[in-house]
Amino acid sequence: MLDIRLLRDDPESIKTRVKSRGGDAWTLIDEILACDEKRRAGETEKQQLQSDRNRISKEIGQLKKTGEDSSSVEAEVRKIGERIKAIGEEVDTADSRQTELLLQIPNLPHEECPVGEDETANPVIREWGKQPEFDFEPVDHVELGKRNELFDFELGARVSSSGFVTYTGMGARLERALIQFLLDLHTTAHDYREVSPPFIINRDSMFGTGQLPKFEDDMYGLEDGAFFLAPTAEVPVTNLYREQLLGIGDLPIKLTAYTPCFRREAGSAGRESRGLIRMHQFDKVELVNIVRPEDSADYLEKLTAEAETVLQKLGLHYRTIELCTGDLGFSSAKTYDIEVWAPGHGGYLEVSSCSNFFDYQSRRMKLRFKDEEGKNRFCHTLNGSGTALPRLYVAFLETYQQADGSILIPEALQPYLGTDRIGA
RNA sequence: GGAGGGGUGGCAGAGUGGUCGAAUGCGUCGGUCUUGAAAACCGAAGUGCCGCAAGGUACCGUGGGUUCGAAUCCCACCCCCUCUGCCA
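This is a predicted model, so every value here is computed, not measured. (Residues numbered from 1 in each chain as written. Chains lettered and ligands numbered in written order. Predicted model: local features only at pLDDT ≥ 70, side-chain atom pairs only at ≥ 80, totals over all residues. Heavy atoms only, no water.)

It is not clear to me how the overall build of chain A should be interpreted in this structure. Could you clarify?
In terms of helices and strands, chain A carries 13 helices and 18 strands. A principal-axis box enclosing the C-alpha atoms of chain A has dimensions of 100 × 45 × 40 Å. Looking at chain A as a whole, 50% of its 424 residues are labelled buried. Counting contacts in chain A only where the partners sit at least 6 residues apart, residues at least 24 apart contribute 72% of the total. In the form shown here, chain A has an accessible surface area of approximately 20,400 Å², with 46% of it arising from carbon and sulfur atoms. Averaging the coordinates of the 52 positive side-chain charges in chain A and doing the same for the 73 negative ones gives two points 5 Å apart. (Helix = DSSP H or I, 4+ residues; strand = E, 2+ residues; numbered from the N terminus. Buried < 20%, exposed > 50% of the residue type's maximum accessible area, 1.4 Å probe, protein only. Contact = heavy atoms within 4.5 Å. Areas by Shrake-Rupley, 256 points an atom, 1.4 Å probe, with all protein chains shown as cover. Lys, Arg positive; Asp, Glu negative; His and termini not counted. Charge placed at Lys NZ, Arg CZ, Asp CG, Glu CD.)

Which parts of the structure should I look at to understand the confidence of the model for chain A?
Parts of the model with low pLDDT should not have their predicted coordinates read in detail. In the predicted model, chain A carries a mean pLDDT of 92, and the fraction of residues at 70 or more is 98%. Among the scores for the predicted complex, ipTM is 0.85 and pTM is 0.93. (pLDDT = per-residue confidence, 0-100.)

Help me understand the pattern of salt bridges, please; the structure alone is not making it clear to me.
One pass over the full model with this rule turns up 28 salt bridges. Notably, a salt bridge pairs Glu 308 with Arg 126, separated by 2.8 Å at the nearest N-O pair. With Glu 308 in helix H10 (residues 296-313) and Arg 126 in strand E1 (residues 124-128), this pair connects stretches of sequence that are 182 residues apart. If you follow the salt bridges from partner to partner, you end up with Arg 8, Asp 36, Arg 39, Arg 40 and Asp 95 in one network. (Salt bridge = Lys/Arg side-chain N within 4 Å of Asp/Glu carboxyl O.)

How do you make sense of the sheet that holds strand E12 (residues 334-342) when you look at a structure like this?
Strand pairing in a sheet takes place through backbone hydrogen bonds and is either antiparallel or parallel in direction. A sheet is described by the order of its strands in space; here eight strands give the open sequence E1-E11-E12-E13-E16-E10-E9-E4, paired in mixed fashion. Because the sheet does not close on itself, it has two edges, and the strands there are E1 and strand E4 (193-194). Here helix H12 (residues 389-399) sits on the sheet in contact with strand E10 (281-291), E12, strand E13 (347-356) and strand E16 (380-388), set at roughly 30 degrees to E12. (Pairing = 2+ DSSP bridges. Axes fitted to C-alpha atoms, helices over the stretch in contact; angles between N-to-C directions.)

Sorry, what's going on with H10 here?
Residues separated by three or four positions in an α-helix point in the same direction, a consequence of the helix having 3.6 residues per turn. A rise of 1.5 Å per residue sets the reference length of H10, with its 18 residues, at 26 Å; its end C-alpha atoms lie 26 Å apart and thus fit the reference within 8%. Those residues of H10 lying buried are Ser 296, Tyr 299, Leu 300, Leu 303, Thr 304, Glu 306, Ala 307, Glu 308, Thr 309, Val 310 and Leu 311. Remark: Gly 315 follows H10 within two positions and exhibits a positive phi of approximately 70 degrees. (Expected span 1.5 Å × (residues − 1).)

Any chance you could explain the environment of Ala 395 here in plain terms?
Assignment of secondary structure puts Ala 395 in helix H12. In this structure Ala 395 comes out as buried when scored by relative accessible area, which is 0%. When the C-alpha atoms of Ala 395 and Glu 74 are compared, they prove to be 77 Å apart, with 321 residues separating the residues in sequence. With residues up to four places along the chain from it excluded, the contact list for Ala 395 reads Leu 316, Val 340, Trp 341, Ala 342 and Pro 343.

Got a minute to help me understand the packing of aromatic side chains in this structure?
One pair of aromatic rings is described through two measures. These are the centre distance and the angle between the planes. Summed over the entire model, instances satisfying the criterion amount to 11 aromatic pairs. Consider the rings of Phe 134 and Phe 136, whose centres lie 5.4 Å apart with planes at 75 degrees: the pair is edge-to-face. Assessed through its relative accessible area of 21%, Phe 136 is described here as partly exposed. Of the aromatic side chains, those joined through ring pairs into one cluster are Phe 151, Phe 153, Tyr 167 and Tyr 393. Over the ring of Trp 26 we find Lys 19; its NZ or CZ atom is 4.0 Å from the centre of that ring. Positioned over the ring face of Tyr 348 is Arg 319, at 4.0 Å from the centre of the ring. (Phe/Tyr/Trp six-rings, centres within 6.5 Å; stacked < 30°, edge-to-face > 60°. Lys NZ or Arg CZ within 6 Å of the ring centre and 35° of its normal.)

Help me out: how do you make sense of the environment of Ala 403 in this one?
Its location among the elements puts Ala 403 in the loop between H12 and strand E17 (407-408). Along the backbone, Ala 403 and Pro 138 are 265 residues apart, and their C-alpha atoms lie at a distance of 7.8 Å. For Ala 403, the contacting residues outside a window of four places in its chain are Phe 136 and Arg 147.

What is the right way to read the state of the cysteines from this model?
In protein structure, a disulfide is the covalent linkage between the sulfur atoms of two cysteines. Tallied over the entire structure, the rule returns zero disulfides. Here Cys 113 is not cross-linked by a disulfide; its sulfur's nearest cysteine counterpart is in Cys 324, at 6.9 Å. Taking relative accessible area as the criterion, Cys 113 reaches 5% and is therefore assigned buried. (Disulfide = S-S within 2.5 Å.)

Even after reading the chapter, I still don't get the sheet that holds strand E14 (residues 368-370), so can you show me in this structure?
Strand order in this open sheet of three strands is E8-E14-E15, and the pairing throughout is mixed. Every interior strand has two partners, whereas the edge strands, strand E8 (245-247) and strand E15 (376-378), have only one. Pairs of neighbouring strands in the sheet enclose a mean axial angle of 35 degrees, with direction left out of account. Sheet topology places E8 next to E14; three bridges connect them, and they run parallel. Opposite Leu 246, over in E14, you have Phe 369 as the bridge partner.

When you look at unusual backbone geometry in this model, what are you seeing that I'm missing?
Residue Pro 213 is reached from Leu 212 by a cis peptide bond, and omega for that bond is 5 degrees. Here the amide bond leading from Gly 386 into Thr 387 is cis, since omega sits at 0 degrees, within 30 degrees of zero. Tracing the backbone shows Thr 387 in strand E16. With phi around 65 degrees, Asp 191 is a residue other than glycine that occupies positive phi space. Look at Asp 191 and you get exposed, because its relative accessible area is 62%. Not every positive phi belongs to a glycine, and Asp 224 is a case in point at roughly 55 degrees. Among the structural elements, Asp 224 can be located in the loop between strand E6 (221-222) and strand E7 (227-229). You can call Asp 224 exposed: its relative accessible area is 86%.

So, in structure tokens, the structure goes:
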């Protein structure tokens, strides 16, 4: 949520920055400001009346004590009370409308965020490694999965529906090995604390990180929308600190978690979705940072490097891009995407999205810290995938495939898998 | 699921209709003392909103209600704890 004071102070430049993301959220800003003015004017009047009421009520107390008649004064106060109630209702209406609209305004892109309409305007920041070369025609992960019986989409559909998969045999073990490898890496080399949160999340938390109110249709709801299946561990993990007032000694907080993620992916069928690439349920290891505002820029760089380490350790070629204004997620001010090369697929796949949300999420969830001067300030929150499993899995299989269809296992993963080769 | 107890400042915990934004302790900050620290002592300090400010106002789990006036009384809901049932 944006600070209303930013909107008040310079509405035109805020509009321009919101506009740079595309979409029409900026058109709400005038109404927000109108509500704000109405609210404040009403508030002032209401408070004046409340002040009168408090004063006169005290007089009544005095009169009663001395046994004098207070009925005419009581009638006066009753009238004031009615007026307070009426104005209070107007103020509440304006206030809730203002909040409702403000929750729909996305975060401001960072000042230096590249301006552009869509993903074609995302600059590549760096690359690591090279596309592997094969002396045979590499196949894609779907084919490799079939040959080695690693996963089965029909078995996913049988017990659930399309968009779900069942991993089998060494395929299931590889999934588990990768999760274990990722958590071990982040907790030992990157100083993260591991948490294992609930996967069923309440509404307040979904508002806190910005999934609600705009993206309700993208998520699986339970109990008439009172709860949702977690679309990402970002939601439960960041919200562990919702409505908290932290001390400076508590920061930075670095948490990692493995969770399954559930997304309806409404309307995205067929597009870039072959095999495991886009599922309704997928595993992910997430990295969450909660830091002081002045540190968040540095932590985004570190966080991105931590996610990249995963691919380096596994020897997978990747590139890191920065998202332009038009491609940025709703709550994010600045985002790096890491894309891993998948030789059989013949393209790059997004395996991680690392974002700095500034105080956008912490303002929504009232996550603050007390600084040296005793002032309460909003924290900055960040998160990144470290990494998403299915696409990592895809790139892994396709990169390490052999002519006979078997998969070579790199050294880093061998202890977790108990073998140096799958298949053949 | 059932019975009982409880939700108050960063934390713990008093407070059962007006003088309560709220005792006390811990923790925090400043000071005295000390070579320095600890201890002791003195002092400061809740959060949001409105206001240029002075100041005002709201907030005692959430939402309603009673009242001239509610942390305090009533209703509903949420959460936590203890016991208990079923159960991985």
